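Residues per chain, in single letters:
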Amino acid sequence: MLNPVRRGFAEHWPVDAAGLFCATGYLMLASLARQPGEPELTQFFALMLWTALPVFALHLHASARGRPIPLGRLLLWALIFRLCGLYGGPLLEDDFWRYLWDGFRFATAGTPYGAAPEQFFLDPAVPATFQHVLSQINYPELQTIYAPVTQFVFLLAHWLRPGSIEALQVLLILLDLGVIALLLRLTNARNALLYAWCPLIVKEIAFTAHPDGIGMFLLLAAIVLAKENRWRGCAVVLGLAASAKVFALVLAPFVLIRARGIHWLLFALTIAVLYAPFAALGGTDLTSFAIFAREWEFNSALFGLLGGAMDRFDARVLLGLAFGVFWAFCLWRHIVETAAERAFRPPRGDWVFGALLLVSPVINPWYLIWILPFAAIYPSAWAWTASLAVLLSYISGINLLSDPSMQAYGQPLWARLLEFSLIGAALLVDWRRRKAW
């Protein structure tokens, strides 16, 4: 029988070895991010694999032997990876310029809505720092698409340090660490490792400052509150999540399934209270969201197939109906399982959000932030394969400088086929494994 020192070493060294290996990859990625221009895609993909494979290997190793993951080591390395992202900064993305502009507009005008950035191109009242920010914004003819709670985080970052993406990165990293803490209340450390050390999460939140983690933190907090039967707090926090990104609305009925009518009302009132002041001042995110839902297409799966064979509006309607049927099935199953166990259980957000993305006209890599926490609670091959495969969407015209004929958000057919073939193969693995059980 091993003494405590040897047992501790046996538990810690695989975790530290994997953590050190991953940290080396993130430092190299940070070095590339700090250089002028964008890194070569081959370098980016190599480093994503570098940082992903040890995580999967460690999880499989620990699961096969029934060994726990030391909590302190898990959190320490998760923090180190995110600090590498803070040091490196954004890469292969330019959405962060909009976040900085929204924070400035919110602080100076009282609302980030109601006026598109292009209206300020010749405005001498805009400080030089934000003239530069303004010149980098994509789709400047559109008002912001980011929801009220997300805008409050942008505002806080602006107050901390105007025009600084680092201030926003720090806030989002803190919220992401909060997601890990919440996951540890819903699953074990071995499964939480998959999220805490996930390269897509580190890249999209810590490096690139995508704000989807705000809504996910609030959604998971609502789920934890529901598990503890703290329904008033759950309803309010869930309303905050839906007011951070509309995605949270899809899972709201699953979370509130055992709540009373007054709690549903409190949920709706929270959203109304957050949106009403902005609507009164002349606009909300819903204006641009409607344009986005109606017109945009990027890296789609089923929509890409149907959209080429039938009218695109009809394809949206058909896929929307299909998702509605699947959503209703998942809700019915959740109700049955909750009633059978007589206790709240986390909903299958991986299924629901996965199906939503499957029919969506747009699948950006950071959208998987809404799937992966649930894939840590309910581990599956398809979700974690998707966390890598979806990065192939960065093979697009905006990053393929060698092919000037391709539109900015166009993709080579082979890249999209490879992406969804990998995910499909992983789904088959999950199906065969489930059938074997």
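Before going into details, it helps to say that this report is about the structure given with it.

Cut-offs and rules
- Residues numbered from 1 in each chain as written.
- Predicted model: local features only at pLDDT ≥ 70, side-chain atom pairs only at ≥ 80, totals over all residues.
- Heavy atoms only, no water.
- Helix = DSSP H or I, 4+ residues; strand = E, 2+ residues; numbered from the N terminus.
- Rg over C-alpha atoms; globule rule 2.2 N^0.38 Å.
- Buried < 20%, exposed > 50% of the residue type's maximum accessible area, 1.4 Å probe, protein only.
- Contact = heavy atoms within 4.5 Å.
- Lys, Arg positive; Asp, Glu negative; His and termini not counted.
- Charge placed at Lys NZ, Arg CZ, Asp CG, Glu CD.
- Axes fitted to C-alpha atoms, helices over the stretch in contact; angles between N-to-C directions.
- Left-handed = near helix turned anticlockwise from the far one by under 90°.
- Nonpolar A, V, L, I, M, F, W, Y, C, P; charged D, E, K, R; others polar.
- Phe/Tyr/Trp six-rings, centres within 6.5 Å; stacked < 30°, edge-to-face > 60°.
- Salt bridge = Lys/Arg side-chain N within 4 Å of Asp/Glu carboxyl O.
- Expected span 1.5 Å × (residues − 1).
- Bend = angle between axes of the 7 residues up to and from the residue.
- Disulfide = S-S within 2.5 Å.
- Core = buried A, V, L, I, M, F, W, Y, C linked by side-chain atoms within 4.5 Å.

Remarks on the overall build of the protein chain
So, step 1. Across its full length, the protein chain carries 20 helices and 0 strands.
So, step 2. Relative to a compact globule of 437 residues, whose C-alpha radius of gyration would be 22 Å, the protein chain shows 22 Å and is just as compact.
So, step 3. Projected onto its principal axes, the C-alpha coordinates of the protein chain cover approximately 75 × 55 × 50 Å.
So, step 4. Counting across all 437 residues of the protein chain, residues that qualify as buried make up 55%.
So, step 5. In the protein chain, the share of contacts with a sequence separation of at least 24, taken over all contacts with a separation of at least 6, comes to 77%.
So, step 6. One finds the centroid of the 31 positive side-chain charges in the protein chain at a distance of 15 Å from the centroid of its 27 negative side-chain charges.

Observations regarding the packing of helix α11 (residues 231–242) against helix α13 (residues 261–280)
A packed helix pair is summarised by two numbers, namely the angle formed by the two axes and the spacing between the axes.
So, step 1. Their axes nearest at 8 Å, the elements α11 and α13 cross at an angle of 35 degrees. Between α11 and α13 the crossing geometry is right-handed. Mapping the contact onto sequence places W231, R232, A235, V236, L238, G239, L240 and A242 in α11 and H263, L266, F267, T270, I271 and L274 in α13.
So, step 2. When its residues are assigned to classes, the contact of α11 with α13 shows 10 nonpolar, 3 polar and 1 charged.

Quick word on the side chain of S393
So, step 1. Tracing the backbone shows S393 in the loop between α19 (381–389) and α20 (413–436).
So, step 2. By relative accessible area, S393 is classed as buried at 1%.
So, step 3. Apart from the residues within four sequence positions on either side, S393 is in contact with F298, N299, P365, Q411 and E419.

As for the packing of aromatic side chains
Remark: the centre distance and the inter-plane angle together describe each pair of aromatic rings, the angle taken between the planes.
So, step 1. In total, this model carries 29 aromatic pairs according to the counting rule given.
So, step 2. Summarising the aromatic geometry, the rings of Y146 and F154 are spaced 5.8 Å apart at their centres and angled 75 degrees between planes, so their arrangement reads as edge-to-face. The pair formed by Y146 and F154 is uniform in burial state, with each residue classed as buried.
So, step 3. Where F247 meets F353, the ring centres are 6.3 Å apart and the plane angle is 20 degrees; that geometry is what we call stacked. Here F353 lies in helix α17 (residues 349–359) and F247 lies in helix α12 (residues 247–255), a separation of 106 residues in the sequence.
So, step 4. By relative accessible area, F247 is classed as buried at 13%.
So, step 5. The class for F353 is buried, based on a relative accessible area of 1%.

Thoughts on the pattern of salt bridges
So, step 1. Under the counting rule described, the total for this entry stands at 12 salt bridges.
So, step 2. With its nearest N and O atoms 2.9 Å apart, the salt bridge here joins R73 to D16. Of this pair, R73 sits in helix α3 (residues 71–88) while D16 sits in helix α1 (residues 4–34); the two residues are 57 residues apart in sequence, bridging distant segments of the chain.
So, step 3. Judged by relative accessible area, which is 27%, R73 ranks as partly exposed.
So, step 4. A salt bridge links K245 to D212; the shortest N-O distance between them is 2.7 Å. Of this pair, K245 sits in the loop between α11 and α12 while D212 sits in helix α10 (residues 212–227), and the two are 33 residues apart along the sequence. A single burial state applies to K245 and to D212, both of which are buried.
So, step 5. Through salt bridges with shared partners, one network takes in R185, E228 and R230.

So, the environment of P127
So, step 1. The residue P127 is located in the loop between α4 (96–109) and α5 (128–135) in this model.
So, step 2. Judged by its relative accessible area of 37%, P127 is partly exposed.
So, step 3. Considering only alpha carbons, one finds P127 and G320, 193 residues apart in sequence, at a separation of 44 Å.

Section: α13
So, step 1. Between its first and last C-alpha atoms α13 spans 28 Å; for 20 residues at 1.5 Å apiece the expected length is 28 Å, and the two agree.
So, step 2. Taking the largest bend as the criterion, α13 deviates by roughly 25 degrees, centred on L274, and proline P277 comes between one and four positions later.
So, step 3. Turning to α13, its buried residues are H263, F267, T270, I271, L274, Y275 and F278.
So, step 4. Looking at the buried positions of α13, the neighbouring elements they touch are α4, α6 (148–160), α11, α12 and α14 (286–295).
So, step 5. Taken from the residues just after α13, G282 is the one with a positive phi, measuring 120 degrees.

A word on the state of the cysteines
So, step 1. Going through the model one piece at a time under the given rule, you end up with 0 disulfides.
So, step 2. Left unpaired, C22 is separated from the closest cysteine sulfur, that of C84, by 10 Å.
So, step 3. By relative accessible area, C84 is classed as buried at 6%.

What about the nonpolar core?
So, step 1. Ranked by internal contacts, the top residues of the largest apolar core, which has 148 residues, are Y195, W197, L219 and F353.
So, step 2. Residues within four places of L219 in sequence aside, it is in contact with L238, A241, L251, V255, F353, W370 and F374.

Quick notes on unusual backbone geometry
So, step 1. Phi at Y139 is positive, roughly 50 degrees, even though this residue is not glycine.
So, step 2. Positionally, Y139 belongs in the loop between α5 and α6.
So, step 3. Since its relative accessible area comes to 31%, Y139 is described here as partly exposed.

So, α4
So, step 1. Compared with the 20 Å implied by 1.5 Å per residue over 14 residues, the 20 Å span of α4 between its first and last C-alpha is a close match.
So, step 2. Burial of α4 is extensive: 11 of the 14 residues sit out of reach of the surface.
So, step 3. Each element contacted by the buried residues of α4 is listed here: α5, α6, α7 (165–183) and α13.
So, step 4. Two residues or fewer after α4 comes G110, characterised by a positive phi angle close to 85 degrees.

Some words on the side chain of S243
So, step 1. Its location among the elements puts S243 in the loop between α11 and α12.
So, step 2. Excluding residues within four positions of it along the chain, S243 makes contact with A147, P148, V149, T150, I271, L274 and Y275.

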